[in-house]
Amino acid sequence: MSKTEELKKIRDEVFNLRESSLYEYRVKSGYFPVLGEGSHDAKIMFIGEAPGLNEAKRGRPFCGAAGKVLDELLESIGLPRKDVYITNIVKDRPPGNRDPLPTEIALYAPFLERQIDIIKPKVIAILGRISMGYIFNKFGLADQLETISKMHGKAYDAELPHGKVKIVALYHPAVGVYNPHTKDALKKDFAILKSL
Ligand code: URA
């Protein structure tokens, strides 16, 4: 099966994920699940938390206010959005933009892990502390977990099934929408991403 076919299979499974507590809310609201977009051969994969309203309406990751910040940051290091892969841990929008629940993260994470296996990125850039907690625990880095204010912008080595990967945690771009300090930190951290 090609990468595109494998990713399409994941899309179909998430579309029909009736056991998710977010499924009924998605269907009732006329929303879409947000699987991810970008290059299927991306060297760098961005992992956010869960779709917001704009994302759920359009079925695309980071296409609202936080997405605008992300686009600006990508542009600041000359990395075209089409060359990276952008996704979230949780593929459906939680009501009222609340943080995803641990049960929701547990249900959707296997889809993310399959996406990582298919795309085989060399660098995983984590957007926000919720995804950071999950990824560091999952990939054997639990003992290195600290607060995001200490960890952001540093590269951590992990051994994934497809090989060695650098993992970098970043502040969530949504915080950069209203907090200029966070946005400055994000800009510096993106410069580090470029050097990787
Ligand atoms: N915030 C996220 O974490 N993901 C999106 O896709 C949009 C906003």
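Residues numbered from 1 in each chain as written. Predicted model: local features only at pLDDT ≥ 70, side-chain atom pairs only at ≥ 80, totals over all residues. Heavy atoms only, no water.

Asks: Please clarify how the site of the ligand should be interpreted in this entry.
Replies: Close to the ligand lie G48, E49, A50, E55, P61, F62, N88 and H172. E49 has a polar backbone atom sitting 2.9 Å from an oxygen atom of the ligand. Note that an oxygen atom of the ligand is positioned 2.8 Å from one of the side-chain N or O atoms of H172. Taking 240 Å² as the accessible area of the ligand by itself, protein coverage stands at 92%. Most atoms of the ligand, that is more than half of them, are within 2 Å of grid points of the largest pocket. (Near = heavy atom within 4 Å. Polar contact = N/O pair within 3.5 Å; in protein donor to acceptor, adjacent residues only side chain to side chain. Areas by Shrake-Rupley, 256 points an atom, 1.4 Å probe, with all protein chains shown as cover. 1 Å grid on protein atoms, 1.4 Å probe; cavity = no way out; pocket = protein on both sides within 12 Å on 5 of 7 lines; lining within 4 Å. Sits in = over half its atoms within 2 Å of the grid points.)

Asks: When you look at the nonpolar core in this model, what are you seeing that I'm missing?
Replies: Nonpolar side chains in soluble globular proteins tend to be buried together. Within the largest apolar cluster, 58 residues are counted, with the highest numbers of intra-cluster contacts made by F46, I167, L170, F190 and L193. For this core, the leading source of residues is helix α5 (residues 102–119), giving 8 residues. If near-sequence neighbours (up to four positions away) are discounted, F46 is found in contact with L70, L74, V84, Y85, I86, T87, A125, L127, L170, F190 and L193. (Core = buried A, V, L, I, M, F, W, Y, C linked by side-chain atoms within 4.5 Å. Buried < 20%, exposed > 50% of the residue type's maximum accessible area, 1.4 Å probe, protein only. Helix = DSSP H or I, 4+ residues; strand = E, 2+ residues; numbered from the N terminus. Contact = heavy atoms within 4.5 Å.)

Asks: Looking at this model, I keep getting lost on the pattern of salt bridges. Mind explaining?
Replies: Side chains carrying opposite charge are able to pair once their charged atoms draw close together. Counted by the stated rule, this structure contains 15 salt bridges. Close ionic contact of K164 with E159 constitutes a salt bridge, the shortest N to O distance being 3.1 Å. Each member of the pair, K164 as well as E159, carries the same accessibility label: exposed. Because the salt bridges share partners, they merge into one network encompassing E37, R60, D71 and R81. (Salt bridge = Lys/Arg side-chain N within 4 Å of Asp/Glu carboxyl O.)

Asks: Got a minute to help me understand the layout of surface pockets in this structure?
Replies: Approximately 580 Å³ is the volume found for the largest pocket. For the lining of the largest pocket, the secondary-structure elements that each account for two or more residues are α3 (53–58), α4 (65–76) and α8 (173–178). Split by residue class, the lining of the largest pocket holds 13 nonpolar, 7 polar and 5 charged. (Points joined across faces, edges and corners; volume = space filled by probe spheres on them. Nonpolar A, V, L, I, M, F, W, Y, C, P; charged D, E, K, R; others polar.)

Asks: I keep staring at the pairing of strand β3 (residues 85–88) and nothing clicks. Help me out?
Replies: Sheet faces and side chains relate simply in a regular strand, where the side chains alternate between the two faces. Judged by which residues are buried, β3 turns out to be covered on both faces: Y85 and T87 on one side and I86 and N88 on the other are all buried. As paired elements, strand β1 (residues 37–38) and β3 share 2 bridges and run antiparallel to each other. The residue of β3 that forms the bridge with G38 is Y85. Examined bridge by bridge, strand β2 (residues 44–48) and β3 share 4 bridges and lie parallel to one another. The partner of M45 across the bridge, within β3, is Y85. (Pairing = 2+ DSSP bridges.)

Asks: Mind showing me how you'd approach the packing of aromatic side chains here?
Replies: When we look at a pair of aromatic rings, we describe it by the centre distance and by the angle of the planes. This model, assessed by the stated rule, comprises 3 aromatic pairs. The interplanar angle of 85° and the centroid separation of 5.1 Å between the aromatic rings of F136 and Y156 together place this pair among those described as edge-to-face. Linking F136 in helix α6 (residues 129–138) with Y156 in strand β5 (residues 155–160), this pair joins segments that are 20 residues apart in sequence. The lysine or arginine in question, R26, covers the ring of F15, its NZ or CZ lying 5.7 Å from the ring centre. (Phe/Tyr/Trp six-rings, centres within 6.5 Å; stacked < 30°, edge-to-face > 60°. Lys NZ or Arg CZ within 6 Å of the ring centre and 35° of its normal.)

Asks: Got a minute to help me understand the sheet that holds β1 in this structure?
Replies: Within a sheet, each strand pairs with its neighbour through backbone hydrogen bonds, oriented either parallel or antiparallel. Taken together, the 6 strands give an open sheet; going across it, the order is β1-β3-β2-β4-β6-β5, and neighbouring strands pair in mixed fashion. Looking along the sheet, the strands with just one partner apiece sit at the ends: β1 and β5. In this fold α6 packs onto β2, β4 (123–127), β5 and β6 (163–170), with an angle of close to 140° to the strand it touches most, β4. In the packing of helix α9 (residues 180–195) onto the sheet, the strands contacted are β2, β4 and β6, and the crossing angle to β6 comes to about 165°. (Axes fitted to C-alpha atoms, helices over the stretch in contact; angles between N-to-C directions.)

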